[in-house]
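If you want the building blocks of each chain, they are given just below.
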Amino acid sequence: MMSHRKLKILSVVGARPNFMKIAPFVRQLERFPHDFAHTLVHTGQHYDASMSESFFRDLKIPHPDVDLEIGSGSHAEQVGKTMIAFEKVVRNHKPDWIVVVGDVNATCACSITAKKEHIQLAHIESGLRSFDLDMPEEINRMVTDRLSDLLFTTDELADANLLKEGVPAHRIKRVGNIMIDSLEEHRLTAASLHPDQFCAAQAIPGALHPNPPLRDNRYSVITLHRPSNVDDKDILGELVAFLTTDVAPVLPLIWPLHPRTRKQLEGFGFWETLRNCPGVILTQPLGYHEMLRLTLGAKVMLTDSGGLQEECCVLGTPCLTLRKNTERPVTLREHGGASILVGNDIGTIRQEFRLAATLPRAQHSPPLWDGHTAERIVACFRELN
Ligand code: UD1
């Protein structure tokens, strides 16, 4: 029986990969205005229009009720500033539940504050583990899951990780992958876009060469942002050399640049080589629909993003994951997915790129990656009320 009191839910977003996870949840909550009073907090970890605003618009996320405007900084600065600002918000709003998504610094900071303020905490995308503590995201995932009262998981491997860590089974709710709700909702809009047009509109000045029109299955895409790939001059230099000599001449390469990556390419002196390389199209960070459109048509994706690994899995886009490990093993070829781990060893990347360029699309949706995850999550909250 539903009581008359509305459940007060405060949810948090901070950085780009959070937006496609919160959008379906917020929309689902809005279907039950008599059951829920919802507050959306943006910590402002990502703040550029291209990293934040455009996602609110494309994914139809309501304007945040509170923007903490934390911005960039070291990890301690980001987490510390977020906790200080978020504590005030929590005391002011006194929610019944705080809901966090993903694994960014905002996720971890707001989880700690939630529990110190004795508020119940729910984590969407729980139980993912790379077992690599060199990744800040792994620390964020472990802390968040350890503190959470409700843990919404994407797949059975995530459940197993949590059970092994001693999380009581009744707190774990396997609901599927909420990112796929966004993908399913927006794939038709994405499919109607023309890569030539938006790539030209978003190209970095001087980085658009007269290319033949981009045709589906005749181009490749790369995204990089992890410190392990972009913060070391030798590693980034070898990757740039590989991309300009082995990839671009075979398949035109579209590279939407994360701000961190652009800074490093410029600082290490690789910028001009890349910008002048025919077949390489450098762009600003792209919007959600544009990136989804590129993934739908790419012959090969090269990425160090966890989210793209999942999208490639569902869309069947052969994906080279430029990491030594992944917290999303369900997307790997050995589990039926489209992705293979290649680290940053150029020999391995070259070999796997050549193979991937010959592979057909092989779409694979793990159980419950069906576009209805937000419905299952909100149903759990309605049962609580
Ligand atoms: C963060 C997340 C990572 C996620 C990634 C996606 C953490 C620990 N990492 O990494 O999990 O996959 O976002 O993008 O939370 N910057 C801008 N404009 C912006 C945002 C950032 O210029 O709107 C610059 C910052 O000044 C900084 C760099 O990009 O120099 C990195 O930003 P930061 O938020 O520290 O981490 P990301 O590498 O983006």
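None of the values given here were measured: they were computed from a predicted structure.

Formed by 41 residues in total, the largest nonpolar core has its most connected members in Ile 9, Phe 25, Phe 152 and Phe 381. Sort the elements by how many residues they give to this core and helix H1 (residues 16-30) lands first, with 7 residues. Three or more residues apiece are contributed to this core by two domains, here domain 1 (7-177 + 369-384) and domain 2 (188-356). Ignoring anything within four residues of it in the chain, the contact list for Phe 152 reads Ala 122, His 123, Ile 124, Glu 125, Ser 126, Lys 173, Val 175, Ile 377, Cys 380 and Phe 381. Of all hydrophobic cores here, the second largest spans 32 residues; its members include Val 230, Leu 322, Ile 346 and Ile 349.

By domain assignment, the chain separates into domain 1 (7-177 + 369-384) and domain 2 (188-356). Summarising the inter-unit geometry, the C-alpha centres of domain 1 and domain 2 are found 27 Å apart. Contacts between the two partners involve 23 residues from domain 1, matched on the other side by 19 residues from domain 2. In this assembly, domain 1 packs against domain 2 so that about 1700 Å² is buried in total across both faces, 60% of it on carbon and sulfur atoms. By the criterion of area lost to domain 2, the three top residues of domain 1 are Asp 58, Leu 157 and Trp 369, representing 27% of everything that side buries. Linking domain 1 to domain 2 there are 3 salt bridges. Notably, a salt bridge pairs Glu 125 with Arg 328, separated by 3.1 Å at the nearest N-O pair. Taken together, the connections running from domain 1 to domain 2 amount to 5 residue pairs in polar contact (both at pLDDT 80 or more).

Around the ligand there are 21 residues in total, and Gln 45, His 46, Asn 105, Glu 137 and Lys 263 lie nearest to it. Note that an oxygen atom of the ligand is positioned 3.1 Å from one of the side-chain N or O atoms of Arg 260. In isolation the ligand exposes 740 Å². Once the protein is present, 89% of that is buried. Elements supplying a minimum of two residues to the shell around the ligand: H1, helix H3 (75-93), helix H5 (136-147) and helix H11 (259-267).

Across a sheet, strands are paired by hydrogen bonds formed along the backbone, either parallel or antiparallel in direction. Spatially, the 7 strands line up as an open sheet ordered S3-S2-S1-S4-S5-S6-S7, and their pairing is parallel. Among the strands making up the open sheet, the edge pair consists of strand S3 (66-67) and strand S7 (172-174). Along the sheet, helix H6 (residues 156-164) contacts strand S5 (120-126), strand S6 (150-153) and S7; its crossing angle with S7, the most-contacted strand, is approximately 170 degrees.

What the rule picks out here adds up to 7 aromatic pairs. Look at Phe 19 and Phe 55: their rings are 6.1 Å apart centre to centre, the planes differ by 35 degrees, and that puts the pair in the tilted class. You can see Phe 19 sitting in helix H1 and its partner Phe 55 sitting in helix H2 (residues 49-58), a full 36 residues away along the chain. What makes Phe 55 buried here is its relative accessible area of 3%. Grouped by ring-pair contacts, the aromatic residues Phe 25, Trp 97, Phe 152 and Phe 381 constitute a single cluster.

This part is about the pairing of strand S1 (residues 7-13). Strand residues, when the strand is regular, have side chains that alternate between the two faces of the sheet. Within S1, 6 of the 7 residues are buried, which leaves the element mostly enclosed by the surrounding structure. One ladder, built from 7 bridges, connects S1 with strand S2 (residues 36-42); its direction is parallel. Its bridge partner lying in S2, Val 13 is registered against His 42. Here S1 runs beside strand S4 (residues 97-101); their pairing, made up of 3 bridges, is parallel. Paired with Leu 10 across the bridge in S4 is Ile 98.

The rules behind the values
- Residues numbered from 1 in each chain as written.
- Predicted model: local features only at pLDDT ≥ 70, side-chain atom pairs only at ≥ 80, totals over all residues.
- Heavy atoms only, no water.
- Core = buried A, V, L, I, M, F, W, Y, C linked by side-chain atoms within 4.5 Å.
- Buried < 20%, exposed > 50% of the residue type's maximum accessible area, 1.4 Å probe, protein only.
- Helix = DSSP H or I, 4+ residues; strand = E, 2+ residues; numbered from the N terminus.
- Domains from an automatic or database assignment.
- Contact = heavy atoms within 4.5 Å.
- Buried area = accessible area lost by both parts, 1.4 Å probe.
- Salt bridge = Lys/Arg side-chain N within 4 Å of Asp/Glu carboxyl O.
- Polar contact = N/O pair within 3.5 Å; in protein donor to acceptor, adjacent residues only side chain to side chain.
- Near = heavy atom within 4 Å.
- Areas by Shrake-Rupley, 256 points an atom, 1.4 Å probe, with all protein chains shown as cover.
- Pairing = 2+ DSSP bridges.
- Axes fitted to C-alpha atoms, helices over the stretch in contact; angles between N-to-C directions.
- Phe/Tyr/Trp six-rings, centres within 6.5 Å; stacked < 30°, edge-to-face > 60°.

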